[in-house]
Amino acid sequence: SQTIHQWPATLVQPVGSPLSLECTVEGTSNPNLYWYRQAAGRGLQLLFYSVGIGQISSEVPQNLSASRPQDRQFILSSKKLLLSDSGFYLCAWRATGNTEAFFGQGTRLTVV
Amino acid sequence: AQKVTQAQTEISVVEKEDVTLDCVYETRDTTYYLFWYKQPPSGELVFLIRRNSFDEQNEISGRYSWNFQKSTSSFNFTITASQVVDSAVYFCALSEATGNQFYFGTGTSLTVIP
């Protein structure tokens, strides 16, 4: 069966520090991968999605970036965090063919 | 343009009451998919149901039921005999056959009071 792993679960980082959040999927090949951010008490904002290795689509201009170095690995990064980057980050995968998406357990990031 | 509207921001019901969560969507595609997700306090989004645009048959799963009406562009979710464990944020989402993205509504926070 397919599983998605996202880590770390919680993170407290100072302003200006770098960020790396990792997401991996097991049990499937060539998934679509997504990064979402959820600010406190608000909806889901799509940050990036990828349909294949090295293919990244950005939805929101910001100081975050994403990479997909391997088929089932999706990384969210920042060189210098801002206070506004605080939030709940969710990774998701989806098989090709417009099926439902499955989400990781999320990373709660607090920038101080 | 694609859009999903969940007009109810917060709902509170007493345990055992029925509750309906509304979802209205906009799309120009003739083939699309609608979803409901549950987000409990732990944060992870849990997939509940997917509906294809060409299948308007309503669905029932235990205490959960979904009413899909293309004429009103709505995909409403009803919980019968609500329980405290149903307390969560519920998201409706849309995906089009021509794209790879999910469009989420802003969510409805449901609180079931014992």
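Residues numbered from 1 in each chain as written. Chains lettered and ligands numbered in written order. Predicted model: local features only at pLDDT ≥ 70, side-chain atom pairs only at ≥ 80, totals over all residues. Heavy atoms only, no water.

*Asks:* How do you make sense of the confidence of the model for chain B when you look at a structure like this?
*Replies:* Low-pLDDT stretches of the model should not have their predicted coordinates read in fine detail. The pLDDT averaged across chain B works out to 93; a share of 100% of its residues lies at or above 70. Of all helices and strands in chain B, the one with the weakest mean pLDDT is strand β7 (residues 59-61) of chain B (88), whereas strand β3 (residues 19-21) of chain B scores best (98). (pLDDT = per-residue confidence, 0-100. Helix = DSSP H or I, 4+ residues; strand = E, 2+ residues; numbered from the N terminus.)

*Asks:* Before we go on, may I ask you to explain the environment of Ser-17 of chain A in this structure?
*Replies:* Residue and element names in this part refer to chain A. Secondary-structure assignment places Ser-17 in the loop between β2 (10-13) and β3 (19-26). With a relative accessible area of 12%, Ser-17 lands in the buried category. As a C-alpha pair, Ser-17 and Phe-74 span 57 residues in sequence and 20 Å in three-dimensional space. Filtering out sequence-adjacent residues up to four positions away, Ser-17 remains in contact with Lys-79, Lys-80 and Leu-81. (Buried < 20%, exposed > 50% of the residue type's maximum accessible area, 1.4 Å probe, protein only. Contact = heavy atoms within 4.5 Å.)

*Asks:* Would you mind going over the side chain of Asn-32 of chain A with me for this structure?
*Replies:* Mapped onto the fold, Asn-32 of chain A is located in strand β4 (residues 32-38). For Asn-32 of chain A, a relative accessible area of 4% gives the class buried. Side chain to side chain, Asn-32 of chain A and Asn-100 of chain B meet in a polar contact 3.3 Å long. Excluding residues that lie within four positions of it along the chain, Asn-32 of chain A makes contacts with Ser-50, Val-51, Arg-68, Ala-92, Trp-93, Arg-94 and Thr-96 of chain A together with Asn-100 of chain B. (Polar contact = N/O pair within 3.5 Å; in protein donor to acceptor, adjacent residues only side chain to side chain.)

*Asks:* It is not clear to me how the state of the cysteines should be interpreted in this structure. Could you clarify?
*Replies:* Working definition of a disulfide: a covalent bond connecting the sulfur atoms of two cysteines. Residue and element names in this part refer to chain B. Considering all chains together, one arrives at two disulfides over all chains under this definition. The disulfide that involves Cys-23 links it to Cys-92, with 1.9 Å between the sulfurs. Sign of the S-S torsion, about -65° for the bond between Cys-23 and Cys-92, identifies this disulfide as left-handed. On the criterion of sequence distance, the pair formed by Cys-23 in the loop between β3 and β4 (24-26) and Cys-92 in strand β10 (residues 88-96) is long-range, its members being 69 residues apart. Of the two residues, Cys-23 and Cys-92, neither departs from the other in class, the shared state being buried. (Disulfide = S-S within 2.5 Å.)

*Asks:* Sorry, what's going on with unusual backbone geometry here?
*Replies:* Most peptide bonds are trans, and most residues other than glycine sit at a negative phi. Residues Trp-7 of chain A and Pro-8 of chain A are joined by a peptide bond in cis, for which omega reads 0°. Inspection of the secondary structure assignment puts Pro-8 of chain A in the loop between β1 (3-7) and β2. With a phi angle near 50°, Ser-73 of chain B is a residue other than glycine that sits in the positive phi range. Backbone geometry at Ala-81 of chain B places phi at a positive 50°, although glycine is not the residue there. Relative to the helices and strands, Ala-81 of chain B resides in the loop between β9 (74-79) and β10.

*Asks:* Quick question: what am I supposed to make of the pattern of salt bridges here?
*Replies:* Across all of its chains, the model carries six salt bridges over all chains by this definition. A salt bridge links Arg-37 of chain A to Asp-85 of chain A, with the shortest nitrogen-to-oxygen separation between them at 3.6 Å. With Arg-37 of chain A in strand β4 and Asp-85 of chain A in the loop between β8 (73-78) and β9 (87-94), this pair connects stretches of sequence that are 48 residues apart. Accessibility assignment for this pair places Arg-37 of chain A and Asp-85 of chain A in one class, buried. The salt bridge involving Arg-63 of chain B is made with Asp-86 of chain B; its shortest N-O contact spans 2.8 Å. Here the residue Arg-63 of chain B occupies a position in the loop between β7 and β8 (64-69), and Asp-86 of chain B occupies one in the loop between β9 and β10, the gap between them amounting to 23 residues. The exposure class assigned to Arg-63 of chain B is partly exposed, which follows from its relative accessible area of 25%. (Salt bridge = Lys/Arg side-chain N within 4 Å of Asp/Glu carboxyl O.)

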